[in-house]
Protein chains: 2
Amino acid sequence: MAIKATIPLKQKTLLEKGDKLYQPGISVDCAIFGFHENALKVLLVKIKQVDKWALPGGFIYKNETIEKAAYRVLQERTGVANIFLQQFNAFGEPDRSDTSIHQARYLEYGIKIPKDNWLLQRFITIGFYALIDFTEVNLEDADANEGAEWIDITKLSNLMMDHENIVSKALEALRTQLAYLPIGRNLLPKKFTMPELQKLYETILDQKLDRRNFQRKLIGFGILNKLTETRKGGAHKAPFLYTFNDKKYQKALKEGLYGTW
Amino acid sequence: MAIKATIPLKQKTLLEKGDKLYQPGISVDCAIFGFHENALKVLLVKIKQVDKWALPGGFIYKNETIEKAAYRVLQERTGVANIFLQQFNAFGEPDRSDTSIHQARYLEYGIKIPKDNWLLQRFITIGFYALIDFTEVNLEDADANEGAEWIDITKLSNLMMDHENIVSKALEALRTQLAYLPIGRNLLPKKFTMPELQKLYETILDQKLDRRNFQRKLIGFGILNKLTETRKGGAHKAPFLYTFNDKKYQKALKEGLYGTW
């Protein structure tokens, strides 16, 4: 008989008391997008027993709000805290749960999950998303990190269950938000060039944009201050620097980029 | 002893087999907004035993998607079918369920619900919304109608649990949608005047809009055809008639009112 690992208390509790502790049949999953220098990544957790990636997710305590559960689960599994999570969709295909993943995780401890255990029921999951600068999160430092990594959005593969679909629906929600709300405040240096801002939009939208249209549109939003400084050092003509106009940026966050009616 | 009503099979099944038939602890609720001639209403069901109004809602069968449950529940409780429901938010305050409402409904049949019955657990609900022309729905004809009525959005009172909050969050979602998607195609006569279109927006937004700004903005969207006809009969100068440009309206539905990047 192969020597099995000792089951950690957390996994033991989940199996034996999950039905007492948590809401039945419901979970939360977080699609955390990270942008930095023209790369868009998503935060995934490695499920080593099945060699698959998963969104950081978990369950809702019987006396906990959905939102609190999402923040707690994200912090417990990745160490990431203090970011704004936006609820966007519930996913509930009847066959979305994959019990073989749970079985594989417990088999490591020599445990076969009983057929009627609450972990093996159908779960509906409530999705949250966020967009942050991924260099501001130190995953290595987090005690909680269960093997969380930033994976390039263009290189997703081997995600468990419907998690790739959840990522793609979260991206859709983010792109819709881009059409009526400002973005970039915490993703770009304080002073940035128009090409840098355009690159941010291009990366999130995954498409090339026309330089002139983009510039006209963004300036039209009235949320930028053009500085007299230029960015020096390049081979090309030094591009002008911009900052966000804090007051107008905040106003646009509330009222939308195209203003009130 | 007072003579009690005989319990209908539907209610009996819900109580005795609900835990076998439905997903535990999760429900769907539909906020159906109806517009007609400058009135915005919401479709509510009367819970006569407690004299409160409720959104049409219900449970998700073990083998049913969330979306299918929402369409089924809406039709079962109000007779309304063939409308597009948009999922918008899940509501999960731990204390949002009100067991006294279930108790009152079963007390009518002389039944006290056992404390451990599945109906009395905490429920998280997934909200859907839609906007339709309420004159196109004949509530009186529907066999399924459990006392559903269109209630003016400005006169809501006595809603059960957190349903007034769900209505208000659904209205927020609808107003956000108004900022980037066209609206009105099925809510106005085929030919309409600019004041009629403005009234639609004013009713949904619950605010007066500036006539000139509104006209400039809507014409700017490029989804209207101005006709050479005018609306005759009024005391004032006859206003021009407009129709939606079908092709451009559909394009704006897909790409947003402000076009692609």
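Here is what the cut-offs are and how they apply
Residues numbered from 1 in each chain as written. Chains lettered and ligands numbered in written order. Predicted model: local features only at pLDDT ≥ 70, side-chain atom pairs only at ≥ 80, totals over all residues. Heavy atoms only, no water. Core = buried A, V, L, I, M, F, W, Y, C linked by side-chain atoms within 4.5 Å. Buried < 20%, exposed > 50% of the residue type's maximum accessible area, 1.4 Å probe, protein only. Contact = heavy atoms within 4.5 Å. Salt bridge = Lys/Arg side-chain N within 4 Å of Asp/Glu carboxyl O. Pairing = 2+ DSSP bridges. Helix = DSSP H or I, 4+ residues; strand = E, 2+ residues; numbered from the N terminus. Phe/Tyr/Trp six-rings, centres within 6.5 Å; stacked < 30°, edge-to-face > 60°. Lys NZ or Arg CZ within 6 Å of the ring centre and 35° of its normal.

J.: I keep staring at the nonpolar core and nothing clicks. Help me out?
T.: Buried together is how nonpolar side chains tend to be arranged in soluble globular proteins. In this structure, Ile32(A) and Ile32(B) are the most contacted members of the largest nonpolar core, which totals 52 residues. Ile32(A) has contacts with Lys41(A), Val42(A), Leu43(A), Leu74(A), Ile83(A), Leu85(A), Ala130(A), Ile132(A) and Trp150(A), leaving out every residue within four places of it along the chain.

J.: Whenever I open this one, the pattern of salt bridges confuses me. Can you help?
T.: Two side chains of opposite charge can pair, provided their charged atoms sit close to one another. If you walk through the whole model with that rule in mind, you get 22 salt bridges over all chains. In this structure, Arg72(A) and Glu64(A) form a salt bridge, with 2.7 Å as the shortest nitrogen-oxygen distance. On the basis of relative accessible area, Arg72(A) is assigned to the buried category, the value being 17%. Residue Glu64(A) is classed as buried on the basis of its relative accessible area, which comes to 9%. The residue Lys46(B) makes a salt bridge to Asp51(B) at a minimum N-O spacing of 3.3 Å. Residue classification places Lys46(B) among the partly exposed residues on the basis of a relative accessible area of 30%. Look at the salt bridges and you will find they share partners, linking Glu64(A), Arg72(A) and Glu76(A) into a network.

J.: Where do I start with the sheet that holds strand E8 (residues 192-193) of chain B in this structure?
T.: Read from one edge of the open sheet, 3 strands run E8-E10-E9 (chain B), paired in antiparallel fashion. Only two strands of the sheet have a single partner each, and these edge strands are E8 and strand E9 (224-230) of chain B.

J.: What should I look at first to understand the packing of aromatic side chains in this one?
T.: The relative placement of two aromatic rings is captured by the distance of their centres and the angle of their planes. Applying the stated rule across the entire model yields 34 aromatic pairs over all chains. With a centroid separation of 5.6 Å and 55° between ring planes, the pair formed by Tyr22(A) and Phe59(A) is classed as tilted. Highlighted residues: Tyr22(A) in strand E1 (residues 22-36) and Phe59(A) in strand E4 (residues 57-61), separated in sequence by 37 residues. A network of ring pairs unites the aromatic residues Tyr22(A), Phe59(A), Tyr61(A), Trp118(A) and Phe123(A) as a single cluster. The lysine or arginine in question, Lys226(A), covers the ring of Phe240(A), its NZ or CZ lying 4.4 Å from the ring centre. Across the ring face of Trp261(A), the terminal group of Lys217(B) is positioned such that the distance to the ring centre comes to 5.0 Å.

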